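An overview of the molecular structure
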Amino acid sequence: MLKPKQMSRLLIAASKDQMAPVVAELYRHHLFHVEEYVEGGTEGYEGFKIGSPLTGASEASVALLSIRAIENAVSINPEEMDPVRAGTQSELKARIERELPALEREVEELSGKRSKLDNRVKECEQKITEITPFVGVPADLEMYRGYSGFSVYAGYVAHEVTLAVPHEMHYLKGKEKNFVVLVAPTAQRNEVERALQEASYQSVPIPDETGAPEARVGYYQGQIAALTREITEINAKLDAVKQQHAGFLAACEEFLRAEVEQTEVPLRFATTRQTFVAEGWVPSDTVDAVSDSLIKATGGKVFVTVLPSDPEHDSVPVEYSNPKFAQPAQMLMDIYSRPKYTEIDPTLMLAIVFPVFFGLIVGDVGYGLIFLALYVGLKRMMKGEDGQKLLTVFRNASISSIIFGLLFNEFLGFKFSQITGWILGTGGLVNPLEHYESLMFSRHLLIGSTEVGGHGPAIPALMIMAIWIGILHISLGRALGMYNHAKQDHGLHRIKAVVANFGWLAVMWGILIAIWSNVVMPYMFDLTGLPVIAAGFNLGTFIGGALILGGVICIAWDSVLEVIELPTIISHVLSYARLVAVGLSSVAIAMVVNYMAIGMFISPGMADLSPVGIVMIVVGLVIFLFGHTLNIALGLLGGGLHSIRLHYVEFFTKFYKGGGKRYVPFGIKRRFTED
Amino acid sequence: MSAEVVAIASTDLAAIQASQMGMKAIGAGLAVGLTGVGTGVAEMGIGAAAVGAIAENKDFFGLGLLFTVIPETIVIFGLVVGLLLLF
């Protein structure tokens, strides 16, 4: 929690004949992050060479390639499949030898046939486009060829052609282009060509066909239909292969990938003629388990030890260590950057604050419920691990929207009392929510309201709430920045960095205290009552001024250039106003849609149930659906993007560096095979 | 006579108040609209460059998004000013 998982540097040394069991054992554990051995330069590794693959590497690679080719041909993506166990590895090995060549032949044959047919369809389509211009001309296609004293011209012209020489011409007026077919004596070629050129003639090749053009087009269309039927048949066959063998193929791929990875991993080890040395990282709490099982697997013929490590200079791979509910938020962290091994991992804070921000922006029970329904629907469709994580974050955000919706008293832009009023009002029952306004500051605008003296949204209160959130969030960020610098830096630089972060905090709070001492604001401290000291300013103003001055000096001590960044203090705090601003705009859209749909169309339509009235009701319903769909899309974008942006830009820039190396343990999460 | 003057004066006052409200609304509209244009212009270049960078290297997505949304603060300021003007 708040720190990446602790890692230990493990060194494994053994004779080469133990390589296979060691590799298999490491692969099974799926914990060992291999530190690649680079030849030359590494201290203590003089005379070592990069290892060579274990036996069977190339066979496995070849088989893997052919499996992937089959998967491509029948469009299987194991990532998108539900994990099913297809059998143990020895079973699979036998099945691969027995079934794979036949399957490969079958798929290859089918896909080869399909691409041949595809080509023929394209040829036929080409023919049709060639013949189509001639369809309107009442002449068979063989009539265009075989003259000795005459030339045939066919092509598009801008306007009709007039010729003085004897000729035979057919002119077709088209919408965009006019088509002309012309036969004239070759002797007068120059004259004809000049006349054509004046009409900006574009020649069209004469198709090498015989018979009436319509008949030929019909013939080729028939051909295409027949070919398409054949293609559909082949696709059905490939589909059948997919249905029948998908599980097997996915399992094969996994098995062979494991084989290939295991046989090729010695390329990352350091070896001598007789021995090999593997270095890498494992989570500290698993060191014992890994080394014990290695010793067991090799019958004690292996040397395993934990090397001393220096977290600042070694590039330690970083693995998150978070409670379960915060784990999905790791994906949002990875989009930005993985934490460094030595710094604070803010995933937990992100996991808590992100849904809160999202809820503050959306804050509507109706939308929250729709988001939850979307989540349930998408959860079935999305198979990838990242997608699932994103969806879990989305679920938390939806729940938070519902909670804030209850507090804000919003349901699709309506108040609860309006909804319950409609449901219960017709039965003459008492509306239990009639007097419920909202537990938080109201965001309801006065759109379409005829209520006399109705009060609009509590904008100042909402703004100040957002500003408070900003102040606290940024203060937390700066405090974490001080901690990070104190942990990571050394000497004078460390003191300067910590002091600079303190300076930023001091300036921010100094500004606040100075403001509080002079202006009374709702929901903020009132320091105007402090005793006046000089020039009409009270004590608070001077304390604030001193903090600002001290803070600026602290910042300048670390880096003078940073001082020009001072305005960001105000802009970053004010940036949190988006929590209110974006939310209000979404409420406004919802209320406008409701007013347009119900106030302007449905209610008048209900009052008069004539055909016109019914049309009005339908139009109202369409507006209602379309408007709210749009607002849901905007809410998702606005809520998600703005919440994450407040973290990335306003919060993380205060303390977070990132750029840690991803922990990629050697091995795979088996989904289709068994150990 | 005097009652007439009062009536005229009060209609004038109402007209002035209404026109002031209208001016406020125009001001709010300008604040949001112009800052929106500003944000759009600023994000135009960044967005294009960010998409280019992401096309080269997918890992750039987070950082690209961060850079792209930095000018968004401008329009938020506009919104804040607009809301404060109106309420």
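Criteria and thresholds
- Residues numbered from 1 in each chain as written.
- Chains lettered and ligands numbered in written order.
- Predicted model: local features only at pLDDT ≥ 70, side-chain atom pairs only at ≥ 80, totals over all residues.
- Pairing = 2+ DSSP bridges.
- Helix = DSSP H or I, 4+ residues; strand = E, 2+ residues; numbered from the N terminus.
- Contact = placed C-beta atoms within 7 Å.
- Nonpolar A, V, L, I, M, F, W, Y, C, P; charged D, E, K, R; others polar.
- Buried ≥ 20, exposed ≤ 12 C-beta atoms within 10 Å, placed from the backbone.
- Core = buried A, V, L, I, M, F, W, Y, C linked by C-beta atoms within 7 Å.
- Domains from an automatic or database assignment.

What to know about the pairing of strand β4 (residues 150-157) of chain A
Residues and elements named next belong to chain A. For β4 and strand β6 (residues 178-185), the ladder comprises eight bridges, and the chain directions are antiparallel. Within the sheet, the bridge partner assigned to Ser151 lies in β6 and is Ala184. Bridging between β4 and strand β7 (residues 202-203) involves two bridges; their strand directions are antiparallel. Along β7, the bridge assignment pairs Tyr156 with Gln202.

Let's talk about the sheet that holds β6(A)
Residue and element names in this part refer to chain A. Strand order in this open sheet of four strands is β5-β6-β4-β7, and the pairing throughout is antiparallel. Of all strands in the sheet, those bounded by a partner on one side alone are β5 (168-172) and β7. As paired strands, β5 and β6 are joined by five bridges and run antiparallel to one another. From the neighbouring strand, Leu172 faces β6, where its bridge partner is Phe179.

So, the interface of chain B and chain A
Taken together, the contact between chain B and chain A spans 12 residues of the former and 16 residues of the latter. Contributions of two or more residues to the side of chain B that touches chain A are made by α2 (61-69) and α3 (72-86) of chain B. With six residues, the top contributor of residues to the side of chain B that touches chain A is α3(B). Residue composition of the side of chain B that touches chain A, grouped by class: 10 nonpolar, two polar and no charged.

A short note on unusual backbone geometry
In most cases, non-glycine residues show a negative phi, while peptide bonds are predominantly trans. Residue and element names in this part refer to chain A. Even without being glycine, His30 reaches a positive phi, approximately 60 degrees. Along the polypeptide, His30 turns up in the loop between α1 (19-29) and β2 (33-35). One non-glycine residue with positive phi stands out, namely Leu412, at about 50 degrees. Mapped onto the secondary structure, Leu412 falls in the loop between α10 (385-408) and α11 (416-425). By the C-beta count within 10 Å, which is 21 here, Leu412 ends up buried.

Section: the nonpolar core
All names here are of chain A. One finds Phe354, Ala466, Ala577, Leu579 and Ala581 to be the most contacted residues of the largest nonpolar core, which totals 84 residues. Among the elements that make up this core, the one with the highest residue count is helix α16 (residues 578-607) (13 residues). Shared between two domains, this core takes at least three residues from each, and those domains are domain 1 (324-443 + 577-659) and domain 2 (470-565). When sequence neighbours within four positions are dropped, the list of residues in contact with Ala466 reads Tyr576, Ala577, Leu579 and Val580.

Some words on the domain arrangement of chain A
Residues and elements named next belong to chain A. We note that the domain assignment places domain 1 (324-443 + 577-659) and domain 2 (470-565) within chain A. Placing a centre on the C-alpha atoms of domain 1 and another on those of domain 2 gives a separation of 36 Å. Between domain 1 and domain 2, the residue contacts involve seven residues of the former and 10 residues of the latter. Taken together, the residues of the side of domain 1 that touches domain 2 sort by class into three nonpolar, one polar and three charged.

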